[in-house]
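In case you want the letters, here they are:
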Amino acid sequence: MADRATTPAEDLDKVWSIMEKIHTCMLVTMHGDVHRARPMGPRVRRHENAIYFLTDDGSPKVEEIEEMPSVCLAFADPGGNDFVSVSGAARILNDRAMIKELWSPAASAFWDGADDPKIRVLEVTPHEAQYWSGPNALVATVIMLTAAATGVKPDVGKSGKVDMN
C-alpha cells in the first residue's frame, strides 16, 4: 500500500515540529563569497513565524548579516533521523525586553546577565524549508539491510520542500 501524499499544511507542521525539538542548529551566513557556519541555540516561535537567537554585538556574524541578510539554518537530529534546512532573512535587534524574555541559564556561559549591553537578538524569518524525516536510526538500519538483501528499494521516510511565507 502506497503512502498518501502530505498536504502543504502537514509539511509546514512537520518543519516546525522538527525545529522545535532540536536545541542546536547551524547558522550559515555569507562573508563575501564564503559560507560561514556556527552552532547556535534557537528559540523557535511558530506563532511568530520566527526563529530567535541571542548573539554578541561584536560577533562577526552581526556584520555578515548586516551585509547579506540571507541565511540558512540547518537542524539535525541524526538519532531521530529528522533534518531541516531553512532559508530566510535575518536581522539584528537591540530589543532589551526581548533579550530578557529569551534569556536562559545557558546564556550565562556567554554573558554576565540579560542586561549586558553587548547582547543582541538575531531574528530569522523563514522563507522556505526542506525537510527529511525517517524512522529512527535502528529502524532505518534494519530497513536498509532488508533492502540490500532483497534488492527492493527502501522506504526511508518522507521529505518535502515547504514555502514558509
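Every chain is numbered on its own, with residues counted from 1 as its sequence reads. Local features in this predicted model are restricted to residues of pLDDT 70 or higher, and side-chain atom pairs are both shown and tallied only at a pLDDT of 80 or more, whereas totals for entire chains, interfaces and linings draw on every residue. Water and hydrogen atoms play no part in the side-chain values, which are based on all heavy atoms of the structure.

This brings us to the pattern of salt bridges. Where charged atoms of side chains with opposite charge meet at close range, the side chains can pair. By salt bridge we mean one thing: a side-chain nitrogen of Lys or Arg within 4 Å of a carboxyl oxygen of Asp or Glu. Overall, the coordinates contain 11 salt bridges when judged by the stated rule. In this structure, Arg120 engages Asp57 in a salt bridge whose closest nitrogen and oxygen atoms are separated by 3.5 Å. Of this pair, Arg120 sits in strand β7 (residues 119-133) while Asp57 is found in the loop between β4 (50-56) and α2 (60-67), placing the two residues 63 residues apart along the sequence. Classification of residues uses two cut-offs on accessible area relative to the type maximum, computed with a 1.4 Å probe and protein chains only: under 20% is buried, over 50% is exposed, and between them is partly exposed. Note on Asp57: relative accessible area 37%, which makes it partly exposed. For the salt bridge of Lys100 with Asp115, the shortest nitrogen-to-oxygen distance reads 3.1 Å. Of this pair, Lys100 sits in helix α3 (residues 96-102) while Asp115 sits in the loop between α3 and β7, and the two are 15 residues apart along the sequence. The exposure class assigned to Asp115 is exposed, which follows from its relative accessible area of 59%. Beyond isolated ion pairs, a larger network of salt bridges with shared partners links Asp13, Glu20 and Arg46. Secondary structure is summarised from DSSP: a helix means a run of H or I of at least four residues, a strand means a run of E of at least two, and numbering begins at the N terminus for each.

In this structure, Val15, Met19, Phe53, Leu73, Phe75 and Val84 are the most contacted members of the largest nonpolar core, which totals 23 residues. Broken down by secondary-structure element, the contributors of at least two residues to this core are α1 (8-21), β1 (25-31), β4, β5 (70-77), β6 (82-93) and β7. Between two residues, a contact is recorded if the distance between any of their heavy atoms is within 4.5 Å. In contact with Phe75, other than residues within four places in its own chain, are Met19, Ile22, Cys25, Pro42, Asp82, Phe83, Val84 and Val86. In these notes, a set of buried Ala, Val, Leu, Ile, Met, Phe, Trp, Tyr and Cys residues joined through side-chain atoms within 4.5 Å is what counts as a nonpolar core. Counting residues in hydrophobic clusters, the runner-up holds 12 residues, among them Leu54, Leu93, Met98 and Leu102.

Examined against the element boundaries, Thr29 turns out to sit in strand β1. On the basis of relative accessibility, which here comes to 1%, the residue Thr29 falls in the buried class. For Thr29, the side chain forms a polar contact with the side chain of Glu64, separated by 2.4 Å. Filtering out sequence-adjacent residues up to four positions away, Thr29 remains in contact with Val34, His35, Arg36, Arg38, Glu64, Ile65 and Val71. By the criterion applied in these results, polar contacts are pairs of N or O atoms within 3.5 Å in which, for protein atoms, one can donate a hydrogen and the other can accept it, and in which residues neighboring in sequence qualify only through two side-chain atoms.

Here Gly58 shows up in the loop between β4 and α2. Each C-alpha atom, one on Gly58 and one on Ile119, is 8.9 Å from the other, the two residues being 61 residues apart in sequence.

Across a regular strand the side chains alternate sides, sitting on one face of the sheet and then on the other. Across the seven residues that make up β4, a large majority, six, are buried. As judged from the three bridges shared by strand β3 (residues 43-45) and β4, these two strands associate in the antiparallel manner. Bridging across to β4, Arg43 finds its partner in Tyr52. At least two bridges found by DSSP between two strands is the condition for calling them paired. Hairpin connection of β3 to β4: four residues between the antiparallel strands, including Asn49 at a positive phi of 50 degrees. For β4 and β7, the ladder comprises six bridges, and the chain directions are antiparallel. The residue bridging Thr55 from the neighbouring strand is Arg120, located in β7.

Spacing of three or four residues puts side chains on the same side of an α-helix, whose turn is 3.6 residues. Those residues of α2 that fall on the buried side of the exposure criterion are Lys61, Val62, Glu64 and Ile65. The buried residues of α2 occupy an angular sector of 165 degrees when the element is viewed end-on, so they sit on one face. The outward face of α2, more than 90 degrees from its buried face, is lined by the exposed residues Pro60, Glu66 and Glu67. Looking at the buried side of α2, the elements it contacts are β1, β2 (34-40), β4, β5, β6 and β7. This arc corresponds to the set of directions leading from the helix axis out to the C-beta atoms.

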